[in-house]
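# Residue-level structural notes
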There are 2 protein chains.
Amino acid sequence: MGLYELIMKRRSVRNFESQEIPEDVIEKLVDAANNAPSGGNIQPLSIILVREPERRAELADIVGGQPWVKNAPLSMIFCIDFYRLKKWAATFDTQFKGEKALSHFLIAYADIMCSAQNVVLLAGELGLGSVYIGTIQSSMDRGREYFEIPKYVVPMMVLSLGYPRSVPKNVPKLERAAVVHREKYRVDTDAEIAQTFEKKYGSLEDTRENYFERTFVEVVEADKQQRESWADSVKEEMKKLEIKSNAEFLFKLRYPTDQMVKMNDGLFRSLKNAGFDFS
Amino acid sequence: MGLYELIMKRRSVRNFESQEIPEDVIEKLVDAANNAPSGGNIQPLSIILVREPERRAELADIVGGQPWVKNAPLSMIFCIDFYRLKKWAATFDTQFKGEKALSHFLIAYADIMCSAQNVVLLAGELGLGSVYIGTIQSSMDRGREYFEIPKYVVPMMVLSLGYPRSVPKNVPKLERAAVVHREKYRVDTDAEIAQTFEKKYGSLEDTRENYFERTFVEVVEADKQQRESWADSVKEEMKKLEIKSNAEFLFKLRYPTDQMVKMNDGLFRSLKNAGFDFS
């Protein structure tokens, strides 16, 4: 399978075999991360490998109780690491203030995501499945405390990996034409935009399980791995909130828009606790 | 060549043949971007393809006069696109406020970098070279105006691509052991940290051209493509600033640390101009 096919067939995997990932495979994954492009080749990256069952369980709890994080034989915590750079600079009587420079922060975050995506693709080629867990950002303080992460280092992304027990069906994507612009940005009409998304998500009137497979696959995957049914509670919430469209499902139920905005304070506070302050 | 070798051998390419990239190759690259993982599968991605010589020249100027952006037959501008999501939500009488939610912004940025890195690797497999240009973030207003980018859309990364005329030597990387931690963060001593970086960068006493090849390859690559010598002016600045260490070279000359912090205001203002405000 060529890389194009690998990229087109890749799906986030949340159902893993218990089989360990061999040490030499893990080393290759880390090499792939370490050799990703890095702005100015500064390499503000640290990766914490989490393999011990007790630590996996704690990490799963920290990121919001996601069973696949506990079940995955390996999770990699991708951190922006300015601690190392600051210490190095200080040793040579100079200063690095990336934790106060939004530009350094944004490029560092791009760097660690290039690293993480290198791992995703190489893992795929090596027969492994993986899933990104972004919610570590909402529990940054707890994550930093548990994994003994010092000041000027922030965990920004978790990647959980293992040999797939099952792979979800393809989830829908926007058509290529919707995301591509030529020479300048093309502003689509509101009707065109609405049509593009409705084509992606399909009908809400479908059976709920089929609908979740396309729009909230976590619910379906979680229910394979736990006793209580997440799908049932989502169905109830859909009824209560009178969800009548894909857009409402996404922005009233899954990512309630005012609640998302309210998370800013916590996120800025966590960044400040880690020494990051761009104000 | 397997993916591991591709990843380990990849170097940012800044010297391109004038040869066009065929349309079917570009479509594959866009597919690879569009099929990258996306948090909640929200796909807040727009890509502007820049191929016309006049527009390439303007983009090169916008990002700070980098000759390879003008010379590359294709540049892809990766944008966080909340315009499309807001319009869709509004059509169905709901709201999406990603432009006010730092969490949505950070996950969206992770998404577009996964997309971009998919393109980097697939491009490599298809015989293309590429280089990331992050400085579009410092010229966001000008970029948005020239490429007619609407509110709630911000250009966050440029990737310039083409068939390589030459590929730089391997740049040094930190040792794998320096970036990897097991089960928890390992705080290295200051001496260990300093040693790690000195091993990476080597001696400052080396000939300047050899030194730049390892530490500031842009200077070397630019001088192949332009009349004036950037290397000479960097050498003069090194003398003037009395640069005596790798750390000083990086944080006094290349990324002067106080100037980096001063860029915050402009960046926040540009984000605000695009409708993004997390305060």
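Thresholds applied
Residues numbered from 1 in each chain as written. Chains lettered and ligands numbered in written order. Predicted model: local features only at pLDDT ≥ 70, side-chain atom pairs only at ≥ 80, totals over all residues. Heavy atoms only, no water. Least-squares fit on C-alpha atoms with pLDDT ≥ 70 in both. Contact = heavy atoms within 4.5 Å. Domains from an automatic or database assignment. Salt bridge = Lys/Arg side-chain N within 4 Å of Asp/Glu carboxyl O. Polar contact = N/O pair within 3.5 Å; in protein donor to acceptor, adjacent residues only side chain to side chain. Helix = DSSP H or I, 4+ residues; strand = E, 2+ residues; numbered from the N terminus. Buried < 20%, exposed > 50% of the residue type's maximum accessible area, 1.4 Å probe, protein only. Buried area = accessible area lost by both parts, 1.4 Å probe. Nonpolar A, V, L, I, M, F, W, Y, C, P; charged D, E, K, R; others polar. Pairing = 2+ DSSP bridges.

### Description of the relation of the copies chain B and chain A
Put simply, the two copies of the chain differ by a rotation about an axis and a shift along that axis. At an RMSD of 0.0 Å, chain B and chain A line up after a rotation of 180° and a shift of 0.0 Å along the axis. As the rotation angle and translation indicate, the two copies are arranged about a two-fold axis. Both copies share a contact surface, since 100% of the interface residues of chain B are interface residues in chain A too.

### What about the domain arrangement of chain A?
Residue and element names in this part refer to chain A. Domain annotation of chain A identifies domain 1 (3-167) and domain 2 (177-261). Where domain 1 packs against domain 2, one counts 1 salt bridge. Taken together, the connections running from domain 1 to domain 2 amount to 3 residue pairs in polar contact (both at pLDDT 80 or more). Among the elements that make up the side of domain 1 that touches domain 2, the one with the highest residue count is helix α4 (residues 67-71) (3 residues).

### Details of the side chain of Asn15 of chain A
Residue and element names in this part refer to chain A. Structurally, the position occupied by Asn15 is in strand β1 (residues 15-16). Judged by its relative accessible area of 8%, Asn15 falls in the buried class. Only 3.0 Å separates the side chain of Asn15 from the side chain of Ser166, close enough to count as a polar contact.

### Quick notes on the interface of chain B and chain A
Listed per partner, the contact involves 114 residues of chain B and 114 residues of chain A. Here chain B packs against chain A, burying approximately 10,900 Å² in sum over the two surfaces, 62% of which is carbon and sulfur. Taken as a group, Trp88, Glu183 and Tyr185 of chain B account for 9% of the area that chain B buries against chain A, more than any other trio of residues on that side. For the interface between chain B and chain A, the tally reads 10 salt bridges. Here Glu27 of chain A makes a salt bridge to Arg176 of chain B, at a shortest N to O gap of 3.3 Å. The interface formed by chain B and chain A contains 66 residue pairs in polar contact (both at pLDDT 80 or more). No other element matches the 15 residues that helix α6 (residues 102-125) of chain B contributes to the side of chain B that touches chain A. Classifying every residue of the side of chain B that touches chain A gives 61 nonpolar, 23 polar and 30 charged. Strand direction decides the pairing type here: strand β7 (residues 180-182) of chain A and strand β2 (residues 45-50) of chain B, joined by 3 bridges, are parallel. In the strand pairing of β2 of chain B, Arg182 of chain A is matched with Leu49 of chain B.

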